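Now for the letters of each chain:
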Amino acid sequence: MLEQAGVLDRRRDGLIAAYIRVSRVAGNLFAHSPYPTLAQDSVFLGPDSHRFGDYILRNLDGLKDGAAVLDYGAGAGVGGITAATNLAEATLTLADINPKALFLSSVNAAHAKVDYRTVEVQRPEDVPGEFDLIVMHPPFMIDPERRAYRDGGDLYGGRLSLDWALGGMQRLAPGGRLVMHTGVSIVEGRDVVQDAFVAAMPGAGFTLDYHLLDPDIFGDELASAAYAEVDRIAAVGLRIERSA
């Protein structure tokens with residue numbers, strides 16, 4: 001079946017490797033790219049994905065049956081599928097700039113028996129409609145190779161986290177909620193992304209809960225020249241709610 005699907009690599013040494021792997025997160029199976037994820041269109045799934053799924057499960061309180069869910073930057077679909085399979089009669093929109101991610105996430109959503117659609121867009125505000133729940137796990141690393149699944153832009157890798165959240169807020173229905181897991185750089189003792197969020201958040205109509213999940217992740221990255229000014233990288237969760 002793998003051979004028929006075209007996902008086998010017949011290596012010169014005679015061994016055979018698959019172009020996909022499958023991992024279990026929060027009770028669901030997810031096909032994703034194998035390690036090492038070097039290609040520009042790699043569909044990443046790793047330890048962060050488990051922390052993301054767990055954070056979503058702890059932030060579903062009070063959401064109505066039949067909720068419209070958006071997973072922006074869906075990748076393998078971990079966030080959206082985790083949410084949709086734990087909300088009765090939820091509908092899921094999987095959005096990404098990467099066609100390979102949309103293909104794999106659609107396979108994963110179908111396997112999880114989720115009512116879903118896919119959209120290929122460049123920005124969260126380009127997704128049509130309003131949503132009761134938006135989940136996001138943006139790239140947050142400083143990546144000199146500019147790989148789409150990894151590079152978070154300036155703000156020491158935090159720019160996409162800020163931009164995605166501000167764009168996603170425009171797609172929240174009244175009473176809607178945005179849940180994000182991301183990583184942030186601590187520079188001279190300051191969380192530069194938290195400072196940017198506090199400065200950019202609207203003065204009324206939205207509330208922000210900014211929660212530290214892990215104070216020290218990807219410590220090996222600090223040895224690279226790109227992180228010369230960074231004290232450490234922390235994992236954080238954001239919950240943004242729009243007033244009803």
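Remember, predicted model here, so these are calculated numbers, not experimental data.

Parameters and conventions
- Residues numbered from 1 in each chain as written.
- Predicted model: local features only at pLDDT ≥ 70, side-chain atom pairs only at ≥ 80, totals over all residues.
- Heavy atoms only, no water.
- Salt bridge = Lys/Arg side-chain N within 4 Å of Asp/Glu carboxyl O.
- Helix = DSSP H or I, 4+ residues; strand = E, 2+ residues; numbered from the N terminus.
- Buried < 20%, exposed > 50% of the residue type's maximum accessible area, 1.4 Å probe, protein only.
- Pairing = 2+ DSSP bridges.
- Right-handed = clockwise from strand over helix to strand, strands pointing away.
- Axes fitted to C-alpha atoms, helices over the stretch in contact; angles between N-to-C directions.
- Parallel < 35°, antiparallel > 145°, perpendicular 65-115°, else oblique.
- Left-handed = near helix turned anticlockwise from the far one by under 90°.
- Contact = heavy atoms within 4.5 Å.
- Nonpolar A, V, L, I, M, F, W, Y, C, P; charged D, E, K, R; others polar.
- Phe/Tyr/Trp six-rings, centres within 6.5 Å; stacked < 30°, edge-to-face > 60°.
- Expected span 1.5 Å × (residues − 1).
- Polar contact = N/O pair within 3.5 Å; in protein donor to acceptor, adjacent residues only side chain to side chain.
- 1 Å grid on protein atoms, 1.4 Å probe; cavity = no way out; pocket = protein on both sides within 12 Å on 5 of 7 lines; lining within 4 Å.
- Points joined across faces, edges and corners; volume = space filled by probe spheres on them.

On to the pattern of salt bridges, then. Opposite charge on two side chains lets them pair, provided their charged atoms get close. Applying the stated criterion to the full structure yields 19 salt bridges. Between Lys-64 and Asp-132 there is a salt bridge, with its nearest N and O atoms 3.6 Å apart. Here the residue Lys-64 occupies a position in the loop between helix 2 (47–57) and strand 5 (68–72), and Asp-132 occupies one in strand 8 (residues 131–136), the gap between them amounting to 68 residues. Measuring nitrogen to oxygen at the nearest pair gives 3.9 Å for the salt bridge that ties Asp-143 to Arg-150. Each of the salt bridges in this network shares a partner with another, and the network as a whole consists of Asp-143, Glu-145, Arg-147, Arg-150 and Glu-221.

Now for the pairing of strand 8. Burial within strand 8 is extensive, with six of its six residues counted as buried. Pairing of strand 5 with strand 8 involves four bridges; the strand directions are parallel. The residue of strand 8 that forms the bridge with Asp-71 is Val-135.

Quick look at the pairing of strand 5 now. When you tally the buried positions in strand 5, you get five out of five residues, the bulk of the element. The two faces of strand 5 match: Ala-68, Leu-70 and Tyr-72 on one face and Val-69 and Asp-71 on the other face are all buried. Of the pairings in the sheet, the one linking strand 5 to strand 6 (residues 91–96) comprises five bridges and is parallel in character. Counted as the bridge partner of Leu-70 is Thr-93 from strand 6. Handedness of the crossover is the feature at issue here: the chain leaves strand 5, passes through helix 3 (residues 78–84), returns alongside strand 6, and the resulting connection is right-handed.

What follows deals with the packing of helix 6 (residues 159–169) against helix 7 (residues 192–200). Where helix 6 meets helix 7, the closest approach of the two axes is 10 Å, and the angle between their N-to-C directions is 30 degrees. Relative to helix 7, the element helix 6 is oriented roughly parallel. The interaxial crossing formed by helix 6 with helix 7 has right-handed handedness. Touching Ser-161, Leu-162, Ala-165 and Leu-166 of helix 6 are Ala-196, Phe-197 and Ala-200, all from helix 7. Each residue belonging to the contact of helix 6 with helix 7 can be placed in one class, and the counts come to six nonpolar, one polar and no charged.

Along the chain, the position of Lys-100 falls in helix 4 (residues 99–111). Classification of Lys-100 as partly exposed rests on a relative accessible area of 33%.

Okay, the packing of aromatic side chains next. As enumerated under the stated definition, the model contains four aromatic pairs in all. Both rings, one in Phe-140 and one in Phe-218, keep their centres 6.0 Å apart while their planes meet at 50 degrees; by these two values the pair is tilted. Of this pair, Phe-140 sits in the loop between strand 8 and helix 5 (154–157) while Phe-218 sits in the loop between strand 11 (206–214) and strand 12 (232–242), placing them 78 residues apart in sequence.

By the secondary structure assignment, Asn-108 is in helix 4. The class for Asn-108 is buried, based on a relative accessible area of 3%. Discounting residues that sit within four places of it in the chain, Asn-108 has contacts with Leu-29, Phe-30, Ala-31, Ala-76 and Ile-81.

Another point: helix 4. The end-to-end C-alpha distance of helix 4 is 18 Å, a good match for the 18 Å that 13 residues give at a rise of 1.5 Å each. Looking at the buried positions of helix 4, the neighbouring elements they touch are strand 4 (28–32), helix 3, strand 6 and strand 7 (115–120). N-cap assignment for helix 4: the residue whose side-chain oxygen lies 3.0 Å from the backbone N of Lys-100 is Asn-98. Just past helix 4, the residue Lys-113 takes up positive phi, approximately 60 degrees.

Time to look at the layout of surface pockets. In this model, the largest pocket occupies a volume close to 1,000 Å³. Lining the largest pocket are 50 residues, and of these Phe-44, Pro-139, Ala-148, Tyr-149 and Arg-150 lie nearest its centre. Of all the secondary-structure elements, those providing two or more residues to the lining of the largest pocket are helix 2, strand 5, helix 3 and helix 6. If you tally residues by element for the lining of the largest pocket, the top one is helix 2, at four residues. What the second largest pocket holds in volume is close to 510 Å³. Around the second largest pocket, the lining is made up of 25 residues, and of these Val-7, Tyr-19, Ile-20, Ala-31 and Leu-104 lie nearest the centre. Put simply, the parts of the chain that give the lining of the second largest pocket at least two residues each are helix 1 (2–5), strand 4 and helix 4. With six residues, helix 4 is the largest single contributor of residues to the lining of the second largest pocket.

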